[in-house]
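Breakdown of the fold
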Amino acid sequence: QVQLVESGGGLVQPGGSLRLSCAASGFTFSSYSMRWYRQAQGKERELVATITSPPTFTIYADSVKGRFTISRDNFKNTVYLQMNSLKPEDTAVYYCNAHRNVDYWGQGTQVTVSS
């Protein structure tokens, strides 16, 4: 049974940091590209960051470049999203995605950036 379980969301002040985690099981994690998407209320889902299967490289949306860092631990079957210098416009539900010839999704974790 495939599972992607996100954690680490919450409420943070502007300029703060959060680290999201996504624990994967039920598929060959190291063979999949892993992605973080986000969806703000009333908006379409947006691709935020991608990390490929080894040899890994990373891709970021312009809106988060220089502030967010995606990483993966293929021994722990976990992907991370380190988010620094958070802005109110980063407020959204963040979703973990595994992509190869199929897509698997997590249930999402809420990130709220507000003073």
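Here, every reference points to the structure presented above.
Here goes a summary of the coordinates provided.

Procedures and definitions
Residues numbered from 1 in each chain as written. Predicted model: local features only at pLDDT ≥ 70, side-chain atom pairs only at ≥ 80, totals over all residues. Heavy atoms only, no water. Helix = DSSP H or I, 4+ residues; strand = E, 2+ residues; numbered from the N terminus. Rg over C-alpha atoms; globule rule 2.2 N^0.38 Å. Buried < 20%, exposed > 50% of the residue type's maximum accessible area, 1.4 Å probe, protein only. Contact = heavy atoms within 4.5 Å. Areas by Shrake-Rupley, 256 points an atom, 1.4 Å probe, with all protein chains shown as cover. Lys, Arg positive; Asp, Glu negative; His and termini not counted. Charge placed at Lys NZ, Arg CZ, Asp CG, Glu CD. Pairing = 2+ DSSP bridges. Axes fitted to C-alpha atoms, helices over the stretch in contact; angles between N-to-C directions. Core = buried A, V, L, I, M, F, W, Y, C linked by side-chain atoms within 4.5 Å. Phe/Tyr/Trp six-rings, centres within 6.5 Å; stacked < 30°, edge-to-face > 60°. Lys NZ or Arg CZ within 6 Å of the ring centre and 35° of its normal.

As a further point, take the overall build of the protein chain. Scanning the protein chain for helices and strands turns up zero helices and eleven strands. Ordering the α and β elements of the protein chain from the N terminus gives β-β-β-β-β-β-β-β-β-β-β. Since a compact globule built from 115 residues should have a radius of gyration of about 13 Å, the 13 Å found for the protein chain is in line with a globular shape. With respect to the three principal axes, the spread of C-alpha positions in the protein chain is 40 × 25 × 25 Å. For the protein chain, with 115 residues in total, the buried portion stands at 42%. Long-range pairs, those at least 24 residues apart, make up 52% of the contacts in the protein chain between residues at least 6 apart in sequence. Surface accessibility of the protein chain: about 6100 Å² in total, with carbon and sulfur atoms responsible for 47%. With 11 positive and 8 negative side-chain charges, the protein chain shows a separation of 5 Å between the mean positions of the two kinds.

Turning next to the sheet that holds strand β7 (residues 68-73). Read from one edge to the other, the open sheet built from four strands follows the order β1-β3-β8-β7, with strand pairing classed as antiparallel. Two strands lie at the open edges of the sheet, namely β1 (3-7) and β7, each paired on one side alone. For this sheet the average axis-to-axis angle between neighbouring strands, irrespective of direction, equals 15 degrees. Pairing between strand β3 (residues 18-25) and strand β8 (residues 78-83): six bridges, direction antiparallel. What sits directly across from R19, in β8, is Q82.

Counting residues in hydrophobic clusters, the biggest one holds 29 residues, and the most contacted among them are M34, W36, V79, L81, M83 and Y94. When contributions to this core are tallied by element, the ones reaching two or more residues are β3, β4 (33-39), β5 (46-51), β7, β8, β9 (92-99) and β11 (109-113). Not counting residues within four places of it along the chain, the set of residues in contact with M83 comprises G16, S17, L18, L20, R67, F68, Y94 and V111.

Examined against the element boundaries, S115 turns out to sit in the segment after β11. Here S115 falls in the exposed class, since its relative accessible area comes to 84%.

Tallying each qualifying case throughout the model produces five aromatic pairs. Look at F27 and F29: their rings are 6.5 Å apart centre to centre, the planes differ by 50 degrees, and that puts the pair in the tilted class. A single burial state applies to F27 and to F29, both of which are buried. Through a chain of ring-to-ring contacts, the aromatic side chains of F27, F29, Y32 and Y104 assemble into a single cluster. Directly above the ring of Y95 sits R45, whose terminal nitrogen or CZ lies 3.9 Å from the centroid. A cation over an aromatic ring shows up here: R45 above the ring of W105, its NZ or CZ 4.8 Å from the ring centre.

As a further point, take the pairing of β1. Side-chain alternation along β1 places L4 and E6 on a buried face and Q3, V5 and S7 on a face that remains uncovered. Across five bridges, the pairing between β1 and β3 is antiparallel. Across the sheet, residue S7 finds its bridge partner in β3, namely S21.

Don't take any of this as a statement about function, it's just geometry.
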